[in-house]
Each structure stands twice: as C-alpha cells, then as structure tokens.
Amino acid sequence: MEIEKSDAWQRHQLATVERMQRDLARLTHPVIRAVGLCGVAYLASWVVMMVLGAAAGAMVVVAAVSAAALVLGASAFALAVGMERYLRGRLEKV
C-alpha cells in the first residue's frame, strides 16, 4: 500500500522551503558577495604587483593578508554555499 502526499501538502512544503531560502538568503548572499569581492581585490593586487614589479616585502604582506582572509572567510563561504545548494536541491525535488 502506497501513501501519497496530497497536492495541498506538497504546495505547503514548497512554500515553506521557499520561505526558508528567502530568509537564509539575507545571511548567505552577503557572505558570498564579500568573498567574491575579496577574490577580485586579491587578484587585482597581484596584477598590480606583477606589473609594477613590487619588492619582496610587499609580496609577503599581500600573501599574509590573503592567507588570513582565506582562513577566516573559507568556512563561512563553504557554509553559505552549502546551504544555498541544499535548499535549491530541496526546491527542485518538490
């Protein structure tokens, strides 16, 4: 014997997941945007250093700052992307 969910229940479940995604997007989208902006700034700083031929000390400073940003931002970025993927997967299933 198979029990199927009613259409009303499936619509309710879909609306709930969409609402969760919208609420969490207020937290995850700024994290994703900030990490993307930091990545662009990081690449731009390396381009400027390579073109202008910066000293070794400046390269060490940029490498240290970028490593610190990577360590601090990687976990938040991974969590934000993971939540977005999970919720999109739930919306596609329903």
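One structure accompanies this document, and this report is about it. (Residues numbered from 1 in each chain as written. Predicted model: local features only at pLDDT ≥ 70, side-chain atom pairs only at ≥ 80, totals over all residues. Heavy atoms only, no water.)

1. Focus: the environment of Pro-30
The test is simple: Helix numbering and strand numbering both begin at the N terminus, where a helix is a DSSP run of H or I of at least 4 residues and a strand a DSSP run of E of at least 2. Exposed residues in this analysis have more than 50% of their type's maximum accessible area, buried residues have under 20%, and partly exposed residues fall in between, with area computed by a 1.4 Å probe over protein chains only.
Mapped onto the fold, Pro-30 is located in helix H1 (residues 7-52). By relative accessible area, which is 42% here, Pro-30 ends up partly exposed. Separated by 47 residues in sequence, Pro-30 and Phe-77 have C-alpha atoms that sit 9.9 Å apart.

2. Structural notes on the side chain of Thr-28
For clarity, the threshold we go by: Two residues qualify as a contact provided that any one of their heavy atoms is within 4.5 Å of a heavy atom in the partner residue.
If you trace the backbone, Thr-28 turns up in helix H1. Those residues within four positions of Thr-28 in sequence are excluded, and the remaining contacts are Ala-80, Met-83 and Glu-84.

3. Section: the pattern of salt bridges
The test is simple: In the sections that follow, a salt bridge refers to a side-chain nitrogen of Lys or Arg positioned within 4 Å of a carboxyl oxygen of Asp or Glu.
With the rule as written, the count across this model stands at 2 salt bridges. Close ionic contact of Arg-19 with Asp-23 constitutes a salt bridge, the shortest N to O distance being 3.3 Å. Of this pair, Arg-19 and Asp-23 both sit in helix H1, separated by 4 residues, roughly a single helical turn. Judged by relative accessible area, which is 46%, Arg-19 ranks as partly exposed. Linking Arg-88 and Glu-84 is a salt bridge whose minimum nitrogen-to-oxygen distance equals 3.8 Å. Of the two residues, Arg-88 and Glu-84 are both situated in helix H2 (residues 56-93); the distance of 4 residues between them amounts to about one turn of the helix. By relative accessible area, which is 47% here, Arg-88 ends up partly exposed.

4. Notes on H1
Threshold: Multiplying one less than the number of residues by 1.5 Å gives the expected span of a helix. Bend is computed residue by residue as the angle between axes fitted to the seven residues ending at the residue and the seven residues starting at it.
With 46 residues, H1 extends 64 Å from end C-alpha to end C-alpha; this agrees with the ideal 68 Å at 1.5 Å per step. Of all the bends in H1, the greatest measures close to 45° and is centred on Ala-25. Inspection of H1 places Val-17, Gln-21, Ala-25, Thr-28 and Met-49 among the buried residues, and these make up the whole buried set. Among the residues trailing H1, Gly-53 stands out with phi positive, at a value near 65°.

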